[in-house]
Amino acid sequence: MLIFVLISNFQLIENTQVDLTDNLIALTGESGSGKSSFLNAVSAGLGLLRVDDTLIQKNKKKATVELHFAMDSLDQDLKKKIAAIRYGLDLDINEKRLILTRTLERGRPSRAQIDAKSVPLKQLTAIGQLLCEILDQNAGHTLNAPSSARFFLDNFAGPDHKKLLVSLTSSYKEYEDLLCEKERLNSLLPRAKSRIAILEEEVTLIEGAMSDLKDEASIFEAFSLSAEIGKKREHLFKIRTAVDGMQSSLDMLSKNKSDHLHPSLTQPIEALVASWQECSWEVERESQHLTDAIDTDKLEEKLQKIEKTKRRFGANVEEISTYLSCAQEELWELLCIDDKIDAVQKSIKKAFTQVVNEGNQLSNSRQKAAIELSKILTKHLNELNFLGAKASIEITETSLTREGKETLRFLLTPGKGAKAVDLHKSASGGEKARFFLALKLAGCQDSPPPLLILDEVDASLGGVSSKKMQEKLQTLSKQRQIICITHFPQVAKHIAQHLCVRKNENQGHISSTFTNLTTEQERNRELQRMLGEDSTV
């Protein structure tokens, strides 16, 4: 329940504080007195109105709207929804008040606050939509939408009906997804054979290279050492050549040692020969070890294979592994494509049967609900002084969709003996307004916001009809708080709280003031003004 409104420097309203004490409130005043300014201010405070600098009073730097809602008047589910929207804020759903604030400053974006904490505008708007519904005198035009009859009937039909609708929507989506899957699989058939050959080649290539890919770092390191090893091999070759030359000289010395050498030199020569022989054998062993330790050509071949794989399938092992997984999955799907198509076809048949069954159940539920809603609407229309009028809902079978297998439209019979007409094509504005109110009274709305603002929705009604509307508003106010902006005294007369808006002009400055009419004398004076009578007492 909205219990307090503070507005400053907003359009015609300079500085106003309004206490709202009842569930049914009338707001009256001359045309141009500031009723629309009040509505716009409340809309802005709820985040439901797009604002700009033109809404700020002339010669003022900023405008402010502050709305206080009594939390104890809100049901627990609504409190939880509000708490879910207010992420990042510490909300105690048992707080006494919820305060929404919107501040407009010239040349700057507007600022939104919830309980004095700055929030994004979208948060304020989301909460505003939960708290308030605003209907103007063109509200009946909502009935012109092709889907309006289905919307109102589905909301009226109750929770079991809604479960059927949700189930059908889900089943139909599953059915559509299966049809898309069948189409996708069929599109693969013409190129399945060639694609299988490509995938098999890719999978084989990647699987063959995967081990080297994982060891790429060590392979590259070994290849980098090959240059140094090559130099060692070259150096050892030179040593071996020198040793071989020395070996020849030593062989000659050894052969001729007894003929030409002094006996004292025989032992040193023999030792030298043995030493060079051992050196030659060591060089041979080292050369063979280096040759066995590395195969440069093989390493280079591996690196080329790795580079080729990376160019085709990914920059690193992770990307190539992902590509391999996708290729294996696609290959398996293509190898089993005929079986998959058969399985999908069976699933489609099963899903279609389920959709048809659920569509029939939903259709039967709508037929029953339409009969009941037509009776209730007719009753409310007659009580709104639309005597002899009869409401009905025409249901026409169409092709099955996720929303059912029928189109619906409201029909209105204006009186006895009259022909039923399509409501949105042939009904007058007043008839639509009364029909729309009858829908609200029938409860054709799921979890309606606790605040309903009616902006001259009675403008198209006559005097007697307006009185009937006031009686219906009394009934509706037992479920929701209603602020009714009206020009009809028949509507305002019996409403508990009556706010009067007056326009004041002082040295060219125009502003609006709000007065809570608490005495019978004040209320009678305003009602006489509304009737066009002399209000002098």
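Residues numbered from 1 in each chain as written. Predicted model: local features only at pLDDT ≥ 70, side-chain atom pairs only at ≥ 80, totals over all residues. Heavy atoms only, no water.

Asks: I keep staring at the overall build of the chain and nothing clicks. Help me out?
Replies: When helices and strands are tallied, the chain shows 16 helices and 15 strands. Restricting to contacts in the chain with at least 6 residues of sequence separation, those with at least 24 account for 73%. (Helix = DSSP H or I, 4+ residues; strand = E, 2+ residues; numbered from the N terminus. Contact = heavy atoms within 4.5 Å.)

Asks: Could you clarify how one ought to interpret the sheet that holds strand β10 (residues 404-413) in this entry?
Replies: Sheets are built from strands paired through backbone hydrogen bonds, the pairs being either parallel or antiparallel. Taken together, the three strands give an open sheet; going across it, the order is β9-β10-β11, and neighbouring strands pair in antiparallel fashion. Lying at the two open borders of the sheet, with one neighbouring strand each, are β9 (390-401) and β11 (421-422). Across nine bridges, the pairing between β9 and β10 is antiparallel. Along β10, the bridge assignment pairs Ala391 with Leu412. Against the sheet, helix α4 (residues 148-156) engages β9 and β10, with an angle of about 95° to β10. In this fold helix α11 (residues 337-383) packs onto β9 and β10, with an angle of close to 165° to the strand it touches most, β9. (Pairing = 2+ DSSP bridges. Axes fitted to C-alpha atoms, helices over the stretch in contact; angles between N-to-C directions.)

Asks: Before we go on, may I ask you to explain the pattern of salt bridges in this structure?
Replies: Side-chain pairs of opposite charge can arise whenever the charged atoms involved come near each other. Here the structure, examined in full by the defined rule, presents 20 salt bridges. A salt bridge links Glu30 to Arg529; the shortest N-O distance between them is 3.2 Å. A residue pair is termed long-range when its members are at least 10 positions apart, and Glu30 in the loop between β3 (24-29) and α1 (35-45) and Arg529 in helix α16 (residues 520-531) qualify at 499 residues. Using a relative accessible area of 45% as the deciding quantity, one classes Glu30 as partly exposed. Here the salt bridges do not stand alone but share partners, grouping Glu30, Glu526 and Arg529 into one network. (Salt bridge = Lys/Arg side-chain N within 4 Å of Asp/Glu carboxyl O. Buried < 20%, exposed > 50% of the residue type's maximum accessible area, 1.4 Å probe, protein only.)

Asks: Can you walk me through the environment of Asn516 in this structure?
Replies: Along the chain, Asn516 falls in strand β15 (residues 509-517). Among the residues examined, Asn516 registers a relative accessible area of 33% and is labelled partly exposed. Linking Asn516 and Val18, residues 498 residues apart in sequence, is a C-alpha distance of 8.1 Å. Residues in contact with Asn516, not counting those within four places in the same chain, are Gln497, His498, Leu499 and Glu522.

Asks: Is there a simple way to think about a negative patch on the surface in this case?
Replies: Taken together, the side chains of Asp295, Asp297, Glu300 and Glu301 make up a negatively charged region of the molecular surface. Looking at where Glu301 falls in the secondary structure, it is placed in helix α9 (residues 296-313). (Patch = residues over 30% accessible without salt bridge, like charges linked within 9 Å, V, L, I, M, F, W, Y side chains within 5 Å. Areas by Shrake-Rupley, 256 points an atom, 1.4 Å probe, with all protein chains shown as cover. Lys, Arg positive; Asp, Glu negative; His and termini not counted. Charge placed at Lys NZ, Arg CZ, Asp CG, Glu CD.)

Asks: How do you make sense of unusual backbone geometry when you look at a structure like this?
Replies: Negative phi characterises most residues that are not glycine, and trans characterises most peptide bonds. Look at Gln11: it is not a glycine, yet its phi comes out positive at around 50°. Within the secondary structure layout, Gln11 lies in the loop between β1 (2-10) and β2 (13-19). A positive phi angle, close to 70°, is found at Ala116, a residue other than glycine.

Asks: Even after reading the chapter, I still don't get the packing of helix α6 (residues 192-214) against helix α10 (residues 317-335), so can you show me in this structure?
Replies: In a pair of packed helices, the angle between the axes and the distance between the axes together describe the arrangement. As a packed pair, α6 and α10 sit with axes 9 Å apart at the nearest point and diverge in direction by 150°. Relative to α10, the crossing made by α6 is left-handed. In contact with Ala192, Arg195, Ile196, Leu199, Glu200, Glu202, Val203, Ile206, Glu207, Met210, Leu213 and Lys214 of α6, α10 contributes Val317, Ile320, Ser321, Tyr323, Leu324, Ala327, Gln328, Glu330, Leu331, Leu334 and Leu335. For the contact of α6 with α10, the class distribution of residues is 15 nonpolar, two polar and six charged. (Left-handed = near helix turned anticlockwise from the far one by under 90°. Nonpolar A, V, L, I, M, F, W, Y, C, P; charged D, E, K, R; others polar.)

Asks: Whenever I open this one, the packing of aromatic side chains confuses me. Can you help?
Replies: Aromatic ring pairs: the centre-centre distance and the angle between the two ring planes describe each pair. In total, this model carries seven aromatic pairs according to the counting rule given. With 5.4 Å between their ring centres and 45° between their planes, Phe38 and Phe514 make a pair best called tilted. With Phe38 in helix α1 and Phe514 in strand β15, the pair connects residues that are 476 residues apart, well separated along the chain. (Phe/Tyr/Trp six-rings, centres within 6.5 Å; stacked < 30°, edge-to-face > 60°.)

Asks: Explain the nonpolar core here, please?
Replies: Here is a general trend for soluble globular proteins: nonpolar side chains tend to be buried in one another's company. Judged by nonpolar contacts, the single largest core of 45 residues is most densely connected at Leu377, Phe410, Phe435 and Leu473. Sorting elements by how many residues they give to this core places helix α13 (residues 429-441) first, with six residues. For Phe435, the contacting residues outside a window of four places in its chain are Leu143, Leu377, Leu381, Ala391, Phe410, Leu412 and Leu423. One finds Leu2, Leu55, Leu104 and Phe514 within the second-largest nonpolar core, a separate group that totals 43 residues. (Core = buried A, V, L, I, M, F, W, Y, C linked by side-chain atoms within 4.5 Å.)

Asks: Whenever I open this one, helix α2 (residues 76-85) confuses me. Can you help?
Replies: Within the sequence span of α2, burial applies to Leu78, Lys79, Ile82 and Ile85. Buried residues in α2, looked at end-on, bunch into an arc of 120°, giving them a common side. For α2, exposure combined with an orientation more than 90 degrees from the buried face picks out Asp77, Lys80 and Ala84. (Arc of directions from axis to C-beta.)

Asks: It is not clear to me how the pairing of strand β13 (residues 481-485) should be interpreted in this structure. Could you clarify?
Replies: Where burial is concerned, most of β13 is hidden: five out of the five residues are buried. In this sheet, β13 lies alongside β3 in parallel orientation, the contact comprising four bridges. Of the residues in β13, the one forming a bridge with Leu24 is Ile482. As defined by bridge partners, strand β12 (residues 451-455) adjoins β13 across five bridges and the pair is classed as parallel. What sits directly across from Ile453, in β13, is Ile483.

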